[in-house]
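Take a look at the letters that make up each chain.
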Amino acid sequence: MIACTFYSSFAVHSLKLVPSQFIQSRKQLLKIFSLSLIFCFSVVCGNSSLKYIPVSFNQAIGATTPFFTAVFAFIITCKKESPIVYFSLLPVVLGIVVASNSEPLFHLFGFFLCVGSTAGRALKSVVQGILLTSDSEKLNSMNLLMYMAPMAAGILLPFSLYFEGNVAGITIQKAKEDWFIVFLLIGNATVAYLVNLTNFLVTKHTSALTLQVLGNAKAAVAAVVSVLIFRNPVTLMGMVGFGVTVFGVVLYSQAKKRTKLTAH
């Protein structure tokens, strides 16, 4: 988040890639802070869940994000999708129910943490969609990231220092032993900036729901790679459940295309 603050500020103020925008009201500031809070909640829950459940199962649960996004979009913005779009989301949820029942390393607390992370990610995409596209509060992607990132860093830093103890000292010690960790940290932070920026851009030019469906392609790849790397056990029903979820994502994509064509 500190890296995102630096990169976005440099891009806006020094490179002037986009015009600088200012926060217009206390209400808008509160929404940006809420976005930061939701982001932190989602990240902490997601990372914590990995202590209890394997990455593959974590990604499978994360594939239900479009379902939560559709629900939050309806509750917050009253945005309705066509019946066929909602129907296409049913296999997404059904697949996770099947995968959960057959997961050999299932852990209830880890499952709830991951569901919390997934719901948080969905809520974040809806709120950022409002800030990026609302006529009264419209911010461009880079300015929104520039304001959100330092707030998120401020929220996460005290918790990090409290729960992780002497994390700064340990990092410095590891860097003295092997400088490659510095490269990894800088590389990770740079990629995190690019991920957040493209995340906002996709939301701005498409929709919050489309963003989460596209993210499921990543989930499928991550699940397969995690099984290959960590060798965690998987069952046939678990694979079937994840397959049903991916099938639901494909159905959703086709349903959205058909809805747009009908609208035009």
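Residues numbered from 1 in each chain as written. Predicted model: local features only at pLDDT ≥ 70, side-chain atom pairs only at ≥ 80, totals over all residues. Heavy atoms only, no water.

> Describe helix α3 (residues 55-62), listing the residues and the values that go with them.
By the criterion of burial, α3 is predominantly enclosed, with 7 of the 8 residues buried. Looking at α3, one finds that the buried residues are Ser-56, Phe-57, Asn-58, Gln-59, Ala-60, Ile-61 and Gly-62. (Buried < 20%, exposed > 50% of the residue type's maximum accessible area, 1.4 Å probe, protein only. Helix = DSSP H or I, 4+ residues; strand = E, 2+ residues; numbered from the N terminus.)

> Can you explain the packing of helix α4 (residues 65-77) against helix α7 (residues 108-133)? Please cite residues and give values.
The N-to-C vectors of α4 and α7 enclose an angle of 45°; their axes lie 8 Å apart at closest approach. Considering the angle they form, α4 stands oblique to α7. Every pair of crossing elements has a handedness; the one defined by α4 and α7 is right-handed. Residues Thr-65, Phe-68, Thr-69, Phe-72, Ala-73, Ile-76 and Thr-77 of α4 form the contact with α7, whose own contacting residues are Val-115, Thr-118, Ala-119, Arg-121, Ala-122, Leu-123, Ser-125, Val-126 and Ile-130. Here the residues of the contact of α4 with α7 sort into 10 nonpolar, 5 polar and 1 charged. (Axes fitted to C-alpha atoms, helices over the stretch in contact; angles between N-to-C directions. Parallel < 35°, antiparallel > 145°, perpendicular 65-115°, else oblique. Left-handed = near helix turned anticlockwise from the far one by under 90°. Contact = heavy atoms within 4.5 Å. Nonpolar A, V, L, I, M, F, W, Y, C, P; charged D, E, K, R; others polar.)

> Hey, could you go over the nonpolar core for me, with residue numbers and the actual values?
With 25 residues, the main nonpolar core has Ile-32, Leu-35, Leu-144, Leu-145, Met-148, Tyr-193 and Phe-200 as its most contacted residues. Elements represented by at least two residues in this core include exactly α1 (2-14), α2 (26-49), α7, α8 (141-164) and α10 (180-205). Examining the composition of this core, we find that 10 residues originate from one element, α8, more than from any other. When neighbours within four sequence positions are excluded, Leu-35 is seen to be in contact with Lys-124, Val-127, Gln-128, Leu-131, Leu-144, Met-148 and Phe-200. In terms of nonpolar packing, the next biggest core, distinct from the first, is built from 9 residues, Phe-57, Ala-60, Ile-61 and Ile-96 among them. (Core = buried A, V, L, I, M, F, W, Y, C linked by side-chain atoms within 4.5 Å.)

> So what's going on with the environment of Glu-103? Which residues, and what values?
Inspection of the secondary structure assignment puts Glu-103 in the loop between α6 (90-101) and α7. For Glu-103, a relative accessible area of 12% translates into the label buried. Sequence separation between Glu-103 and Cys-78 is 25 residues, and the spatial gap between their C-alpha atoms is 36 Å. When near neighbours in sequence (up to four residues on either side) are disregarded, Glu-103 contacts Pro-54, Phe-57 and Pro-233.

> Would you mind going over the packing of α8 against α10 in detail, with residue names and values included?
Direction vectors running N to C along α8 and α10 enclose 130°, while the axes themselves pass 9 Å from each other. In terms of axis orientation, α8 runs oblique to α10. Note on packing geometry: the crossing formed by α8 with α10 is right-handed. For the pair α8 and α10, contact is made by Ser-141, Met-142, Leu-144, Leu-145 and Met-148 and by Tyr-193, Asn-196, Leu-197, Phe-200, Leu-201 and Lys-204, respectively.

> Please set out the side chain of Lys-124 residue by residue, giving values where relevant.
Counting through the fold element by element, Lys-124 comes out in helix α7. Judged by its relative accessible area of 7%, Lys-124 falls in the buried class.

> Summarise unusual backbone geometry; cite the residues concerned and give the values.
One non-glycine residue, Lys-16, lies in positive phi territory at about 50°. According to the relative accessible area criterion, Lys-16 is exposed, its value standing at 61%. Despite not being glycine, Cys-78 shows a phi value in the positive range, around 60°. Positionally, Cys-78 belongs in the loop between α4 and α5 (83-88). The class for Cys-78 is exposed, based on a relative accessible area of 59%.

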